[in-house]
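# Analysis of the macromolecular model
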Amino acid sequence: MSRAGRAMAGTTKTVYEVDGISSEVAVAVGDTPEEARFVAAYSGTTLPPELEKLVGGS
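Not measured: the values here are computed from a predicted model.

## Some words on the overall build of the protein
- For the protein, the count of helices and strands is one helix and four strands.
- Going from the N terminus to the C terminus, the protein shows its helices and strands as β-β-β-β-α.
- Classification of the 58 residues of the protein by burial places 24% in the buried group.
- Nonlocal contacts in the protein, meaning residues at least 24 apart in sequence, comprise 14% of its contacts between residues at least 6 apart.
- Surface exposure of the protein reaches about 4,200 Å², of which carbon and sulfur atoms provide 51%.

In C-alpha cells, the structure reads:
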C-alpha cells in the first residue's frame, strides 16, 4: 500500500492506495497500513476485475 495522504473530515485516519488497484475503485483507510481497512466503491451488479481477483473470482 502506498500512502495517499488524504484525511477524512473529523478524523485523523489516513487513506492509502492499494497496490494494483485504482484508487477510484478501492482504498484502505486507517492509522497505519497494517491497521487499515479495505474500502471498495463501485456501482453496478458485478465487481470490477481488480476486486474479483482479490476475492478469488476469475
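## Quick look at the confidence of the model for the protein
- In this model, the protein carries a mean pLDDT of 80, and residues with pLDDT of at least 70 account for 78%.
- Mean pLDDT values for the elements of the protein range from 58 in strand β1 (residues 2–7) up to 91 in strand β2 (residues 14–17).

## Quick look at the pairing of strand β3 (residues 26–30)
- Burial runs high along β3: five of the five residues are buried.
- Here β3 shows no split at all, with A26, A28 and G30 on one side and V27 and V29 on the other all buried.
- Sheet analysis places β2 next to β3, joined by four bridges and oriented antiparallel. Bridged to Y16 within β3 is A28.
- Sheet analysis places β3 next to strand β4 (residues 37–40), joined by four bridges and oriented antiparallel. Among the inter-strand pairings, A26 is bridged to a residue of β4, identified as A40.

## Some thoughts on the pattern of salt bridges
- Enumeration according to the criterion identifies one salt bridge in this entry.
- Salt-bridge contacts for K13 lead to D31; the nearest nitrogen and oxygen are separated by 3.3 Å. You can see K13 sitting in the loop between β1 and β2 and its partner D31 sitting in the loop between β3 and β4, a full 18 residues away along the chain.
- Overall, the relative accessible area of 41% leaves D31 in the partly exposed class.

What counts, and where the lines are drawn
Residues numbered from 1 in each chain as written. Predicted model: local features only at pLDDT ≥ 70, side-chain atom pairs only at ≥ 80, totals over all residues. Heavy atoms only, no water. Helix = DSSP H or I, 4+ residues; strand = E, 2+ residues; numbered from the N terminus. Buried < 20%, exposed > 50% of the residue type's maximum accessible area, 1.4 Å probe, protein only. Contact = heavy atoms within 4.5 Å. Areas by Shrake-Rupley, 256 points an atom, 1.4 Å probe, with all protein chains shown as cover. pLDDT = per-residue confidence, 0-100. Pairing = 2+ DSSP bridges. Salt bridge = Lys/Arg side-chain N within 4 Å of Asp/Glu carboxyl O.

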